[in-house]
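Residue-level structural notes
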Amino acid sequence: MNTVTNRFTKSYYYKDVPSPIGGLRLVASDDGLSAILWENEKADAKRVPLNIVGEDNSHPILIQTERQLGEYFSGQRKRFDVKMDFAGTDFQNKVWEALLSIPFGETRTYGDIARQIGNPRSIRAVGGASNKNPIAIIAPCHRVVGASGDLTGFAGGLKAKAQLLALEGLNGFRHKAAA
């Protein structure tokens, strides 16, 4: 069974946690962390369609994720080691794996990611896959910027993207709406 079909038949559980960039909904299956949803994002959104069956504040993966995010936001963690359970197309999974290779405190462009996955002409498709990244922050799509260096689309909003980059020591990023 491919992972796209599997995400509709597998059971997922959530835990809501506060963060400096707003409330987050952590979502996991028994196979790993599957999503980090933003405060105002609906669980059945097109970006991350999963079969979320209920809240589970004692799920070990959700507890581990909450702890590691807390360490990240307090400046004590630069790498995550949470087991992940991505549910996407083969192309999306390639992009999301490439996101995981971007080091803390560095950025890449969509073109860089397209070249990294061996498909240099797929810049727009890389942007689309980044936008559908279900495990934001941990699979750091906030570290991907436009070719001009401008902040571009981010499901959590450009303000949150700038805050995450600043947390990693990358200050001075502005988005056009803030100019």
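Calculation rules
- Residues numbered from 1 in each chain as written.
- Predicted model: local features only at pLDDT ≥ 70, side-chain atom pairs only at ≥ 80, totals over all residues.
- Heavy atoms only, no water.
- Pairing = 2+ DSSP bridges.
- Helix = DSSP H or I, 4+ residues; strand = E, 2+ residues; numbered from the N terminus.
- Axes fitted to C-alpha atoms, helices over the stretch in contact; angles between N-to-C directions.
- Contact = heavy atoms within 4.5 Å.
- Buried < 20%, exposed > 50% of the residue type's maximum accessible area, 1.4 Å probe, protein only.
- Polar contact = N/O pair within 3.5 Å; in protein donor to acceptor, adjacent residues only side chain to side chain.

All right, on to the sheet that holds strand E2 (residues 24-29) then. Strand pairing within a sheet occurs via backbone hydrogen bonds; the two strands may be parallel or antiparallel. Spatial strand order, E3-E2-E1-E4: 4 strands in an open sheet with mixed pairing. Both outer strands of the open sheet, strand E3 (32-38) and strand E4 (52-55), are each paired with one neighbouring strand and no more. Neighbour-to-neighbour, the strand axes of the sheet open up by a mean angle of 30 degrees, direction not taken into account. Both strand E1 (residues 12-17) and E4 contribute to a ladder of 3 bridges, which runs parallel. Directly across from tyrosine 14, in E4, lies its bridge partner glutamate 55. Lying over the sheet, helix H2 (residues 60-73) contacts E1, E2 and E3, oriented at roughly 140 degrees with respect to E2.

Let us now look at the side chain of serine 122. Within the secondary structure layout, serine 122 lies in the loop between helix H4 (110-116) and helix H5 (123-131). The exposure class assigned to serine 122 is buried, which follows from its relative accessible area of 8%. From its side chain, serine 122 meets the backbone oxygen of asparagine 119 in a polar contact 2.6 Å long. Once residues lying within four places of it in the same chain are set aside, the contact partners of serine 122 are Phe91, Ala114 and Ile117.

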